[in-house]
Amino acid sequence: MALTPPRMLPSGDAAITVDFGREISTEANQRVLALDGLLAQHAIAGVRETVPTYRSLLVHYDPEQIGFEALAEQLSALARSHIEAATTAKRRWRIPVCYGGEHGVDLEDAAAMLKITPDDLVARHAGGEYRVAMIGFTPGWSYLSGLDPALAIPRRQAPRLLTPAGTISVGGVQTGVQCLPGPSGWHLLGRTPVRTYHLHRDPVFLLEPGDAVSFVRIDAREFAEQDRAAAHGEIVAELSAS
Amino acid sequence: MSKLLIDNVGPASSVQDAGRHGAQRYGLTPSGAMDRLSLAAANVLVGNDAFAAAIELGPLGASFTARDGAVRLALTGAERPAAIDGCAIGLGESFLLADGETLTLGIARSQVFSYLAIAGGIGGEPMFGSLSVNARAGLGSPYPRPLQAGDAIPAASAAVASERRLDLPKPPDGPIRVVLGPQDDEFGDAVATFLASEWKVSATSDRMGYRLEGPEIRHLHGHNIVSDGTVDGSIQVPGNGQPIVLMPDRGTSGGYPKIATVITADLCRLAQLQPGRPFRFKSVSVDEAQAEYRIIAGLIRALPDRLQDAHHARLDLDALLTANVAGAVTNALDA
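Remember, it's a predicted structure, so these values are computed and weren't measured experimentally. (Residues numbered from 1 in each chain as written. Chains lettered and ligands numbered in written order. Predicted model: local features only at pLDDT ≥ 70, side-chain atom pairs only at ≥ 80, totals over all residues. Heavy atoms only, no water.)

Novice: When you look at helix 2 (residues 68-80) of chain A in this model, what are you seeing that I'm missing?
Specialist: Because the α-helix completes a turn every 3.6 residues, residues three or four places apart line up on one side. Taking 1.5 Å as the rise per residue, helix 2 of chain A with 13 residues should run 18 Å; its terminal C-alpha atoms sit 18 Å apart, in good agreement. Packed against the buried residues of helix 2 of chain A are strand 1 (7-10), strand 2 (15-19), helix 1 (26-41), strand 3 (47-52) and strand 4 (56-61) of chain A together with helix 4 (286-301) of chain B. (Helix = DSSP H or I, 4+ residues; strand = E, 2+ residues; numbered from the N terminus. Expected span 1.5 Å × (residues − 1). Contact = heavy atoms within 4.5 Å.)

Novice: Explanation requested: a negative patch on the surface in the structure shown.
Specialist: A cluster of acidic residues, A:Glu69, A:Glu73, B:Asp287 and B:Glu288, forms a negative patch at the surface. At the level of elements, helix 2 of chain A together with helix 4 of chain B are the ones that each hand at least two residues to the negative patch. Summarising the element assignment, B:Asp287 is placed in helix 4. (Patch = residues over 30% accessible without salt bridge, like charges linked within 9 Å, V, L, I, M, F, W, Y side chains within 5 Å. Areas by Shrake-Rupley, 256 points an atom, 1.4 Å probe, with all protein chains shown as cover. Salt bridge = Lys/Arg side-chain N within 4 Å of Asp/Glu carboxyl O. Lys, Arg positive; Asp, Glu negative; His and termini not counted. Charge placed at Lys NZ, Arg CZ, Asp CG, Glu CD.)

Novice: I tried to follow the packing of helix 3 (residues 107-114) of chain A against helix 4 (residues 118-127) of chain A on my own but got confused; where do I start?
Specialist: Relative placement of two packed helices is described by the angle separating their axes and the distance separating the axes. Residues and elements named next belong to chain A. At their nearest, the axes of helix 3 and helix 4 sit 8 Å apart, and the two run at 90° to each other. Between helix 3 and helix 4, the crossing angle belongs to the class labelled roughly perpendicular. Only Pro118, Leu121 and Val122 of helix 4 make contact with helix 3, whose side of the interface consists of Leu107, Glu108, Ala110, Ala111 and Leu114. In terms of residue class, the contact of helix 3 with helix 4 is made up of 7 nonpolar, no polar and 1 charged. (Axes fitted to C-alpha atoms, helices over the stretch in contact; angles between N-to-C directions. Parallel < 35°, antiparallel > 145°, perpendicular 65-115°, else oblique. Nonpolar A, V, L, I, M, F, W, Y, C, P; charged D, E, K, R; others polar.)

Novice: Looking at this structure, I do not really get empty space enclosed by the protein. What am I missing?
Specialist: Empty space left among the atoms is revealed by rolling a probe the size of a water molecule over them. In total, this model carries 1 cavity of 30 Å³ or more according to the counting rule given. Here the largest cavity is characterised by a volume of approximately 50 Å³. Lining of the largest cavity is provided by A:Phe137, A:Thr138, A:Trp141, A:Gln178, A:Leu180, A:Pro181, A:Gly182, A:Pro183 and B:Arg136. Grouping the amino acids of the lining of the largest cavity by side-chain chemistry returns 5 nonpolar, 3 polar and 1 charged. (1 Å grid on protein atoms, 1.4 Å probe; cavity = no way out; pocket = protein on both sides within 12 Å on 5 of 7 lines; lining within 4 Å. Points joined across faces, edges and corners; volume = space filled by probe spheres on them.)

Novice: Is there a simple way to think about the layout of surface pockets in this case?
Specialist: In this model, the largest pocket occupies a volume close to 1,500 Å³. Taken together, 48 residues line the largest pocket, and the ones lying closest to its centre are A:Phe137, A:Arg155, B:Gly254, B:Gly255 and B:Tyr256. Only strand 11 (182-184) of chain A together with strand 15 (209-213), strand 18 (244-246) and strand 19 (253-254) of chain B provide two or more residues apiece to the lining of the largest pocket. Here the lining of the largest pocket gets 3 residues from one element, more than from any other, and that element is strand 15 of chain B. Broken down by class, the residue content of the lining of the largest pocket amounts to 17 nonpolar, 19 polar and 12 charged. A volume near 1,200 Å³ is recorded for the second largest pocket. Lining the second largest pocket we find 39 residues, and of these B:Gln111, B:Pro169, B:Lys170, B:Pro171 and B:Arg269 sit closest to its centre. Those elements that place two or more of their residues in the lining of the second largest pocket are helix 1 (36-45), strand 5 (71-79), strand 10 (110-118), strand 13 (176-180), helix 3 (264-271) and helix 4 of chain B. Its residues placed into classes, the lining of the second largest pocket shows 19 nonpolar, 9 polar and 11 charged.

Novice: Explain the packing of helix 1 of chain A against helix 2 of chain A here, please?
Specialist: Residues and elements named next belong to chain A. Where helix 1 meets helix 2, the closest approach of the two axes is 9 Å, and the angle between their N-to-C directions is 115°. Regarding helix 1 and helix 2, the two cross each other, and that crossing is right-handed. Contacts from Leu35, Leu38 and Leu39 in helix 1 reach Leu75, Leu78 and Ala79 in helix 2. For the contact of helix 1 with helix 2, the class distribution of residues is 6 nonpolar, no polar and no charged. (Left-handed = near helix turned anticlockwise from the far one by under 90°.)

Novice: Hey, could you run me through the packing of aromatic side chains in this one?
Specialist: Taken as a whole and judged by the stated rule, the model has 11 aromatic pairs over all chains. Aromatic side chains A:Phe205 and B:Phe128 sit 5.8 Å apart centroid to centroid with 45° between the ring planes, which places their arrangement in the tilted category. Placement of A:Phe205 in the loop between strand 12 (187-191) and strand 13 (212-217) and of B:Phe128 in the loop between strand 10 and strand 11 (152-155) is noted, with the two residues assigned to different chains. For A:Phe205, a relative accessible area of 8% puts it in the buried group. When the centroid spacing of 5.1 Å and the interplanar angle of 80° are considered together, the rings of B:Phe279 and B:Phe281 count as edge-to-face. Side by side, B:Phe279 and B:Phe281 carry an identical accessibility label, which is buried. Through a chain of ring-to-ring contacts, three or more aromatic side chains come together here, namely A:Tyr54, A:Trp141, A:Tyr143 and A:Trp186. (Phe/Tyr/Trp six-rings, centres within 6.5 Å; stacked < 30°, edge-to-face > 60°. Buried < 20%, exposed > 50% of the residue type's maximum accessible area, 1.4 Å probe, protein only.)

Novice: Sorry, what's going on with the side chain of A:Asp13 here?
Specialist: Tracing the chain through its elements places A:Asp13 in the loop between strand 1 and strand 2. Buried charge without a partner: A:Asp13 forms no salt bridge, and the closest opposite charge is A:Arg48, 7.2 Å away. A polar contact of 2.4 Å, which involves the side chain of A:Asp13, links it to the side chain of B:Thr264. Beyond its immediate stretch of four places on either side in the chain, A:Asp13 contacts A:Tyr61, A:Pro63, B:Ile263, B:Thr264, B:Ala265, B:Ala289, B:Gln290 and B:Tyr293. (Polar contact = N/O pair within 3.5 Å; in protein donor to acceptor, adjacent residues only side chain to side chain.)

Pasting the structure below:
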């Protein structure tokens, strides 16, 4: 299949947005992550850091070391090379979630909007396999692609100003793992004890863009136990290499 | 080891350096000083690396007392009254704060942020290469939060006064320059409105973003885009059509289209614009913006060469006022 070349858009004088498309699509995200991986292998002088998102790769660079045109040309060449790479996840995570009740205050409303039972919603949400499409906005906030389109519901009219750390939520066709407390307009289905960001643990950040994620239902008692362990720096998610 | 004790400090004051880079892919924002040129000047004045951590002060007043020894300091950035135990000290000069002396800073008269650098830097454990405060992520040293009264900053003891001054070229007064994009094609004719209009920084601005007040900038296809990466200076336009310039505490990604990006060389000037002061934008090419980037990076590297010795006696304001200097002047016509 012929792929459209990405657009090279300036983000000021020290970054390029390599734009693969305007929609949320698995293909665009795979191409973003593939280019990100290639760039990590073929270091280009002057590149400072990269930020993969759903549909674009933001490349921060030092304008004293490389100009826009030269960098855009090298990125285009890399994007044309083996773009079909990196479609399989490097790592698969099983993330425990306590759905509903005080940990998922929107579960019943969300199920009612979808005209299914809360248990059905949990089974279908936990039954899916997701990919970390991007991490952004706040530390460890992991946006997952792969939500069953039948589970998509519009965002809340008014965002909540404060949602708890560890919230697992859905908004539109997206689902995600939030790490720190913060505002959110998504629907809160449950909470995980897993810290995707923990300052006093190695690694500080647990998930990488491109990782695969599935959810395992736990009860409130298990949540409390694992939450204590996680607070002390334990990684309470299970990892299996693919 | 001396300490710089904070007697009082306004909100929006924190320890900042050049920021925390390399973890934006995990959602960790860079933070760092709002006005890096002033940060660099303050550091160079006390013999530090240009981008060592210093105290960034917001527009309100503050006061500090040296404890357990003297400290050598320098103040740059916003113009504001500054005095040690009543004796005025100048901006852009290094000075000694002796053990027990108090440095008092008034409200900023022009601009917004001041930088108080301490010779020897600020001690602490850098995380991701930086001491900058990011309260949300629990990062920053010596405190992972904005500064408050009662805080004590560990500081190297200074023995002798070694007073230096630094004259910086006056920043240009012209428009804030931007490179259009990466989503300027979401705006059509509104790009022309954006460039032709007068803007003001809103009083609700902070280190995350400067909200702008001006004409409504309308989107061609609605105000939602699929989340995309941001940089310092990204100008995003939310649904109400009032642009927000993203500053160092920004989210690393955002879902509003970005009409343009402030060039690196003009970010300091924008950060120092007081709320309500009118300004305009001007579009430049990436090449022009990168030429300006090299100029300002070169200027910062050359700051140590611009240092001059300053032999100044402290001006005792109280003594001057008591002396009634004006009354001693004779009118030539009386003679």
